[in-house]
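# Structural features, examined
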Amino acid sequence: MTYAPPEENTLGVIIGGKPRHAKSAAVSRLAGHDTPRLSSLGTGFVGVGAAVLVSLRAIYGLVWLVAQWDQYPNPIPAALAWIALIIVIVGTITTVQLVSGQLPHWMFALFLVGLAAVVALDLYAIWPLHDIGGYATSAIAAGMTLLLVLTVRPSSDIIISVSAIGAALAVAVIVNVPFTTDNLAPQITAVSFAVLPTVIGLALIRNFRRLVQVELDRVLVQSTLTAPRFAVGMMASEELARLDLAAEKLLDSVANGSTKLPLTPKIASTAASLATELRLHLIEGRRETWLYHAITESDLLGKSVRLTDKGSLAGLLDPVQRDGLLSTAWLFVTDTTKRGAKNSVHITIAPSTTVLSPGFEDKVAIGIAITSVGVIRNRIDSSTWEAIAKVGSYTDSTEDSSVRLDIECLVDNPADQ
């Protein structure tokens, strides 16, 4: 049979439709909705690094302000801009450390108002000098200050904010500065220093979050390698634990006398619902193998891998062969050779007609065919071939943009177990 992706993956993300194991109202009342939601993936340390970087940039800008103090027609607005920027930096660092999760909208709006005031005061102070790139200090540091809220605000908010600061500086340069071959480079450099650090930070934080999510997903899926041949998945195990808790609460209330016997119709209906759902969970999925659960409950594999295993033969593989097969699927899916390209993998497992050599009478041959679309044969990493070799002997072929692997896998005869 061909399996479809699940409604919920290992990271607890609902990806469409109703939950596979929907709880009744009675169970929900007893067990409660206490599943923790996915939170920030360890980006706190990134925020600390950003705070250090912004502080160093502020010190550098202050040094330039002091060095050019005598050249300002009126240095008071420039000093006020730096006072405002220091208040914004200190206040933001303190707030981010205290706030759990995202920065509230009103706090972020106050943060942006402070940065806008800093840019306006700095540009006002240096406007008569007609050299924005040569004398702007706090205005450039203001763009970099957005690094402080990278981990507590959506990327779209940061992009809009840094674009607005970059546009304001660019317009000021175009309107105020008479361009010459000597001053063109400093103007471009100043705008770049205000915008690029935040843009680079956004790219880094996005890749970091993706890396952590993928690795966390893979670690969770790896737990299936030692699972029995037929078993319920991780999501079903969690649901069973909730149902068990609800049943224990009901039995405890009967034991301590808080629930009188005979049961009222309402409580009796609750007990019947619990018993029914427990029976369904205990008998459900007993023909689903470890590989089915590994694929369907993975956020990454569930979107890109299809499994056809009519005889549930994947359950016969030993842990080493399972690790090789699962690693192969992971490496094929994550080996994107073209920007925006999506790899897809189809795994077919069926009995093999190969005649075994003498001495292997206690073994059974299984044929595993892996077809991967979007992977170029000469770009496959050597670690992929090592993973495939763990499963069994193989042959490979290419057709159009597909790579096909035919693996001959020897497993213990289930009749001898």
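Definitions and cut-offs
- Residues numbered from 1 in each chain as written.
- Predicted model: local features only at pLDDT ≥ 70, side-chain atom pairs only at ≥ 80, totals over all residues.
- Heavy atoms only, no water.
- Helix = DSSP H or I, 4+ residues; strand = E, 2+ residues; numbered from the N terminus.
- Buried < 20%, exposed > 50% of the residue type's maximum accessible area, 1.4 Å probe, protein only.
- Contact = heavy atoms within 4.5 Å.
- Areas by Shrake-Rupley, 256 points an atom, 1.4 Å probe, with all protein chains shown as cover.
- Polar contact = N/O pair within 3.5 Å; in protein donor to acceptor, adjacent residues only side chain to side chain.
- Pairing = 2+ DSSP bridges.
- Axes fitted to C-alpha atoms, helices over the stretch in contact; angles between N-to-C directions.
- UniProt positions renumbered as here; feature names shortened; annotations may be inferred.
- Parallel < 35°, antiparallel > 145°, perpendicular 65-115°, else oblique.
- Left-handed = near helix turned anticlockwise from the far one by under 90°.
- Nonpolar A, V, L, I, M, F, W, Y, C, P; charged D, E, K, R; others polar.
- Patch = residues over 30% accessible without salt bridge, like charges linked within 9 Å, V, L, I, M, F, W, Y side chains within 5 Å.
- Salt bridge = Lys/Arg side-chain N within 4 Å of Asp/Glu carboxyl O.
- Expected span 1.5 Å × (residues − 1).
- Core = buried A, V, L, I, M, F, W, Y, C linked by side-chain atoms within 4.5 Å.
- Phe/Tyr/Trp six-rings, centres within 6.5 Å; stacked < 30°, edge-to-face > 60°.

This brings us to the overall build of the protein. Broken down by element type, the protein carries 14 helices and five strands. For the protein, the proportion of its 417 residues judged to be buried stands at 41%. Within the protein, contacts between residues separated by at least 24 positions form 76% of all contacts whose residues are at least 6 apart in sequence. Accessible area for the protein stands at about 22,000 Å²; split by element, carbon and sulfur atoms hold 64% of it.

A separate point is unusual backbone geometry. A positive phi angle is found at His130, which is not glycine, with a value near 55 degrees. By the secondary structure assignment, His130 is in the loop between helix 4 (105-126) and helix 5 (132-135). You will see that Ser312, though not glycine, has its phi angle at about 50 degrees, which is positive. Positionally, Ser312 belongs in the loop between strand 1 (305-308) and helix 13 (319-334). Since its relative accessible area comes to 4%, Ser312 is described here as buried.

With that out of the way, let us pick up the side chain of His346. With respect to the element layout, His346 can be found in strand 2 (residues 344-351). There is a polar contact of 2.9 Å between the side chain of His346 and the side chain of Thr308. With residues near it in sequence (within four places) discarded, His346 still touches Arg306, Thr308, Ala369, Ile370 and Thr371.

Turning next to the sheet that holds strand 2. Strand order in this open sheet of five strands is 1-2-3-5-4, and the pairing throughout is mixed. The two strands at the open ends of the sheet, each matched to only one other strand, are strand 1 and strand 4 (393-399). Taken pair by pair, the neighbouring strands of this sheet meet at an average axis angle of 15 degrees, ignoring direction. Direction of pairing for strand 3 (residues 363-373) relative to strand 5 (residues 402-412): antiparallel, over a ladder of eleven bridges. Within the sheet, the bridge partner assigned to Ala369 lies in strand 5 and is Asp406. In the packing of helix 14 (residues 382-391) onto the sheet, the strands contacted are strand 3, strand 4 and strand 5, and the crossing angle to strand 5 comes to about 35 degrees.

Attention shifts here to the UniProt feature "transmembrane region" (unreviewed entry) in the protein. Here the UniProt feature "transmembrane region" (unreviewed entry) sits at residues 45-67, 79-99, 106-126, 132-151, 158-179 and 185-205. Overall, residues 106-126 shows 100% helix and 0% strand. The separation of its end C-alpha atoms is 31 Å.

The subject of this paragraph is the packing of helix 8 (residues 184-222) against helix 13. For the pair helix 8 and helix 13, the least separation of the axes is 12 Å and the interaxial angle reads 155 degrees. Here helix 13 runs roughly antiparallel to helix 8, going by the angle between their axes. The way helix 8 lies across helix 13 gives a crossing that is right-handed. Residues Val214, Asp217, Arg218, Val221 and Gln222 of helix 8 form the contact with helix 13, whose participating residues are Asp323, Leu326, Ser327 and Trp330. Considered class by class, the residues forming the contact of helix 8 with helix 13 number four nonpolar, two polar and three charged.

Taken together, the side chains of Trp127, Val171, Ile174, Val175, Phe179, Leu184 and Ile188 make up a nonpolar region of the molecular surface, amounting to roughly 690 Å² of accessible area. Taken together, the elements giving at least two residues each to the nonpolar patch come down to helix 7 (155-176) and helix 8. Looking at the nonpolar patch, the element that brings in the most residues is helix 7, giving three residues. Secondary-structure assignment places Val175 in helix 7. Judged by relative accessible area, Val175 falls into the exposed class, the value being 59%.

Here we come to helix 3 (residues 75-98). The first and last C-alpha atoms of helix 3 sit 35 Å apart over 24 residues, in line with the 34 Å expected at 1.5 Å per residue. Those residues of helix 3 not exposed but buried are Pro75, Pro77, Ala78, Ala81, Trp82, Leu85, Val88, Ile89, Thr92 and Val96.

Soluble globular proteins tend to bury their nonpolar side chains together. Counting residues in each nonpolar core, the largest one holds 48 residues, and the members touching the most others are Leu85, Leu115 and Val149. Listed by contribution, the elements that provide at least two residues to this core are helix 2 (44-67), helix 3, helix 4, helix 5, helix 6 (138-145), helix 7 and helix 8. Per-element accounting of this core gives the leading share, eight residues, to helix 4. Beyond its immediate chain neighbours, meaning those up to four positions away, Val149 contacts Thr92, Leu103, Phe108, Phe111 and Ile158.

Inspection of every chain in the model, using the stated rule, returns two aromatic pairs. Both rings, one in Phe108 and one in Phe111, keep their centres 6.2 Å apart while their planes meet at 25 degrees; by these two values the pair is stacked. Pair noted here: Phe108 and Phe111 are both in helix 4, with a separation of three residues, about one helical turn. Aromatic pair Trp385 and Tyr394: ring centres 5.7 Å apart, planes at 15 degrees, arrangement stacked. Judged by its relative accessible area of 31%, Tyr394 is partly exposed.

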